[in-house]
Amino acid sequence: MTVREIKQQLGLFLCWGDEKLEHKVTGGYVGDLLSDVMANSKAGNVWITMQTHVNIVAVAVLKELAAIIIVNGRHPAEETLKKAAEEKVPILSSTLSAFDVAGRLYFLGVGKARADAERIPD
Amino acid sequence: MSASFSRSFTIEGRDFLNAGRASTQIKTILKELSVDPAIIRRVAIASYEAEMNVVMYATRAKLKFTMSASAINLEIDDEGPGIPDITLAMQEGYSTATSQMRELGFGAGMGLPNMKKNSDEFVIESAVSKGTRLTMTIYIN
Ligand SMILES: Nc1ncnc2c1ncn2[C@@H]1O[C@H](COP(=O)(O)OP(=O)(O)OP(=O)(O)O)[C@@H](O)[C@H]1O
Ligand SMILES: [Mg+2]
């Protein structure tokens, strides 16, 4: 499933995403602690978070995440959007909670894709 | 590649807006040099965590990135408060991050342990009121 398909299926709001919406999503990671996301997210994951500030973009770039989904009706800060455009990191938002976004992604089979990918040794 | 490749970056304390820039540039260089993605991931984690600690706790630092045929080396030398108890600072979960930093998602106390986990050689030296120096080496083969 691509970022664009996830956006459509979950009715996400596109905050920035002129590019890279066709990237294949390998799974997801939920976290609001940046070091945790740095350590445990996988390339191609969507990152579900409440964080909205500019530093989330660098994490997504360094971990090659497919997109950031900001939950609970929060919106990215202005500098975050600017940086996202510079670095070409799609940012989407939702009024849903992290639990509901993750649940729906699993229902769509995104969690299964990750489980399959993880059988391949790193 | 025979000769080693080297680049230096300056990191400013409290500069949250540019935080992560050095690590992002290093990652770009490694990709251009077609380094194994698994190695790039480890270097990215180690350098990002070191960079963020400078932004959060120190005044400024020089980050020197060196790559030879056999290893990647990161040396982060900061001017800052230093670390009074390195054993404590190395413990997972230990953090002196302010509540403001924690709200931004920093302060899990995972940065130093993550750096150590992702490097093959990890050396931390610190002098209180002077600064901290980290030397991390990641083997390529
Ligand atoms: N360069 C530094 N100068 C001064 N103190 C530091 C430095 N790096 C780390 N410390 C101290 O060591 C503690 C642990 O660092 P570590 O990176 O493991 O966790 P953290 O930065 O608090 O949280 P996280 O990295 O998970 O966001 C810090 O809270 C701080 O007190
Ligand atoms: Mg840290």
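Preceding block: the structure.
Residues numbered from 1 in each chain as written. Chains lettered and ligands numbered in written order. Predicted model: local features only at pLDDT ≥ 70, side-chain atom pairs only at ≥ 80, totals over all residues. Heavy atoms only, no water.

### Focus on the site of ligand 1
Here is step 1: In the neighbourhood of ligand 1, 22 residues make up the surrounding shell, with B:Tyr57, B:Asp78, B:Ser95, B:Thr96 and B:Gly107 lying closest.
Here is step 2: Around ligand 1 the close residues trace back to chains A and B.
Here is step 3: One of the side-chain nitrogen or oxygen atoms of B:Tyr57 is found 2.8 Å away from an oxygen atom of ligand 1.
Here is step 4: With respect to ligand 1, the side chain of B:Thr96 contributes an N or O atom lying 2.5 Å from an oxygen atom.
Here is step 5: Its free accessible area being 600 Å², ligand 1 has 95% of it covered by the protein chains.
Here is step 6: The set of elements that each furnish at least two residues to the shell around ligand 1 consists of helix H2 (37-57) and helix H5 (111-118) of chain B.
Here is step 7: Counting residues per element, the shell around ligand 1 draws most heavily on H2(B), which supplies four residues.
Here is step 8: In terms of residue class, the shell around ligand 1 is built from 11 nonpolar, nine polar and two charged. (Near = heavy atom within 4 Å. Polar contact = N/O pair within 3.5 Å; in protein donor to acceptor, adjacent residues only side chain to side chain. Areas by Shrake-Rupley, 256 points an atom, 1.4 Å probe, with all protein chains shown as cover. Helix = DSSP H or I, 4+ residues; strand = E, 2+ residues; numbered from the N terminus. Nonpolar A, V, L, I, M, F, W, Y, C, P; charged D, E, K, R; others polar.)

### Considering the side chain of A:Thr49
Residues and elements named next belong to chain A.
Here is step 1: For Thr49, the location among the structural elements is in strand E3 (residues 45-49).
Here is step 2: Separated by 3.0 Å, the side chain of Thr49 and the backbone nitrogen of Gln51 make a polar contact.
Here is step 3: Ignoring anything within four residues of it in the chain, the contact list for Thr49 reads Gly31, Asp32, Ile68, Ile69, Ile70 and Val71. (Contact = heavy atoms within 4.5 Å.)

### Let's talk about the environment of B:Met110
Here is step 1: You can see B:Met110 is positioned in the loop between helix H4 (99-103) and H5.
Here is step 2: Setting aside anything within four residues of it in sequence, one finds B:Met110 in contact with A:Ser35, A:Asp36, A:Ala39 and B:Glu92.

### Thoughts on the sheet that holds strand E1 (residues 5-12) of chain B
Residue and element names in this part refer to chain B.
Here is step 1: Spatial strand order, E1-E2-E3-E5-E4: five strands in an open sheet with antiparallel pairing. Each edge of the open sheet carries a strand with a single partner, namely E1 and strand E4 (121-127). Within the sheet, the average angular offset between the axes of one strand and its neighbour, ignoring direction, is 10°.
Here is step 2: Where strand E2 (residues 60-67) meets strand E3 (residues 71-79), eight bridges bridge the pair, whose relative direction is antiparallel. (Pairing = 2+ DSSP bridges. Axes fitted to C-alpha atoms, helices over the stretch in contact; angles between N-to-C directions.)

### Describing the sheet that holds strand E5 (residues 91-93) of chain A
Sheet strands pair via backbone hydrogen bonds, and the direction of the pair is either parallel or antiparallel.
Residues and elements named next belong to chain A.
Here is step 1: Strand order in the open sheet formed by five strands is E1-E5-E4-E3-E2, with mixed pairing between adjacent strands. This sheet does not close on itself; its edge strands, each paired only once, are strand E1 (13-16) and strand E2 (27-30). Within the sheet, the average angular offset between the axes of one strand and its neighbour, ignoring direction, is 25°.
Here is step 2: As judged from the three bridges shared by E1 and E5, these two strands associate in the antiparallel manner. The residue bridging Phe13 from the neighbouring strand is Ser93, located in E5.
Here is step 3: Of the strands in this sheet, E1 and E5 touch helix H4 (residues 78-87), which is tilted by about 75° from E1.
Here is step 4: Against the sheet, helix H5 (residues 98-107) engages E2, E3 and strand E4 (67-70), with an angle of about 155° to E3.

### Some words on unusual backbone geometry
Residue and element names in this part refer to chain A.
Here is step 1: Even without being glycine, Glu64 reaches a positive phi, approximately 55°.
Here is step 2: Topologically, Glu64 is positioned in the loop between helix H3 (55-62) and E4.
Here is step 3: Classification of Glu64 as partly exposed rests on a relative accessible area of 34%. (Buried < 20%, exposed > 50% of the residue type's maximum accessible area, 1.4 Å probe, protein only.)

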